[in-house]
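Per-entry structural report
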Amino acid sequence: MTVGEEPETPAPPRLRRDARRNRERLVEAAHAVFAEQGLEAPLDVIARRAGVGNATLYRHFPARAALVDAVFRDQLTGTMEAGERARRAPDAWAGLAGYLDAVFVTLAADRGTNDLMTTRLSDVETLGAVHAHNRETVDVLLERARAQGSVRADVTTEDLLFALAALGRAVPPLAVAAGPDAWRRPLALFLEGLRGPGREPRPLPGRPLDEEELGQVLGEMGPHRARPTDGSVGGAAAGDQV
């Protein structure tokens with residue numbers, strides 16, 4: 001190197017590049033496995049699908065919550081953006097209905113996202129912010145909708161959030177039994193129950209479940225439902241250490 005020349009930046013060690021690639025593969029594999037099996041999927045299945053050992057997974061993600069946060073951060077922040085758009089809607093009812101539609105599209109995306117948004121999982125940093133923002137969005141929209149007379153006066157934020165979580169848990173089984181948009185009919189029925197007095201009922205979208213489909217949905221919602229295992233059994237619970 002001659003005088004005045006900038007020193008060459010040494011190439012990053014191969015191990016550093018490999019570690020970065022292993023992390024990416026783990027996140028990709030976790031997204032696929034969580035989508036199929038939910039957040040309680042065995043973590044050794046994720047490591048195997050990523051083509052790495054369990055020790056590599058532990059090194060990158062010492063707790064399940066850290067892996068969940070890495071997988072779902074972008075999807076969760078998208079829900080917050082939908083909430084901001086809904087708050088700006090001049091018609092509070094239209095804002096509320098549009099926001100809930102966006103939330104349920106996210107719930108229908110995969111079992112992992114559904115588990116995350118309809119239950120509580122501690123130590124997922126992004127999730128706490130999403131839950132707080134969701135509650136604030138519902139508060140704002142309900143208050144405005146009550147003032148505009150489009151929502152019944154006695155419904156509370158807790159009423160709405162509880163009902164949405166219960167209905168949201170049924171979204172993946174509904175998709176299995178009756179198609180990816182089957183959740184739109186029960187959501188529309190729920191929204192009709194929120195509407196203020198004197199409002200004309202609207203037709204429900206889609207078709208109702210038949211007896212066989214209802215049985216399939218209820219079976220899929222039970223703890224005995226079949227879970228793919230990739231040849232593995234067991235695994236840590238959703239809040240456990242990896």
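Only a predicted model underlies this, so the values are computations on that prediction, with no experimental measurement involved.

To continue, consider the side chain of Asp-110. Relative to the assigned elements, Asp-110 resides in the loop between α5 (92–107) and α6 (111–118). Among buried Asp, Glu, Lys and Arg side chains, Asp-110 stands out as unpaired, with Arg-111 the closest opposite charge at 8.9 Å. Among the polar contacts listed, one links the side chain of Asp-110 to the backbone nitrogen of Thr-113, at a separation of 2.6 Å. Setting aside its immediate chain neighbours within four residues, Asp-110 contacts His-31, Ala-35, Phe-72 and Gln-75.

To continue, consider the packing of helix α8 (residues 157–169) against helix α9 (residues 171–178). Running from N to C, α8 and α9 point in directions that differ by 40°, and their axes come no closer than 5 Å. Taking contact as the criterion, the partners of Leu-167, Gly-168 and Arg-169 in α8 are, on α9, Val-171, Pro-172 and Pro-173. Taken together, the residues that form the contact of α8 with α9 break down as four nonpolar, one polar and one charged.

Okay, the pattern of salt bridges next. Enumeration over the complete set of coordinates arrives at 14 salt bridges. The partner of Arg-49 in a salt bridge is Glu-36, with the nearest N and O atoms 3.0 Å apart. You can see Arg-49 sitting in helix α2 (residues 43–50) and its partner Glu-36 sitting in helix α1 (residues 14–37), a full 13 residues away along the chain. Using a relative accessible area of 34% as the deciding quantity, one classes Arg-49 as partly exposed. One salt bridge connects Arg-135 with Glu-158, and the closest N-O pair in it is separated by 2.4 Å. Here Glu-158 lies in helix α8 and Arg-135 lies in helix α7 (residues 125–148), a separation of 23 residues in the sequence. On the accessibility criterion, Arg-135 (34% relative accessible area) is partly exposed.

Parameters and conventions
- Residues numbered from 1 in each chain as written.
- Predicted model: local features only at pLDDT ≥ 70, side-chain atom pairs only at ≥ 80, totals over all residues.
- Heavy atoms only, no water.
- Helix = DSSP H or I, 4+ residues; strand = E, 2+ residues; numbered from the N terminus.
- Buried < 20%, exposed > 50% of the residue type's maximum accessible area, 1.4 Å probe, protein only.
- Lys, Arg positive; Asp, Glu negative; His and termini not counted.
- Salt bridge = Lys/Arg side-chain N within 4 Å of Asp/Glu carboxyl O.
- Polar contact = N/O pair within 3.5 Å; in protein donor to acceptor, adjacent residues only side chain to side chain.
- Contact = heavy atoms within 4.5 Å.
- Axes fitted to C-alpha atoms, helices over the stretch in contact; angles between N-to-C directions.
- Nonpolar A, V, L, I, M, F, W, Y, C, P; charged D, E, K, R; others polar.

No statement about biological role is implied by the geometric values presented.
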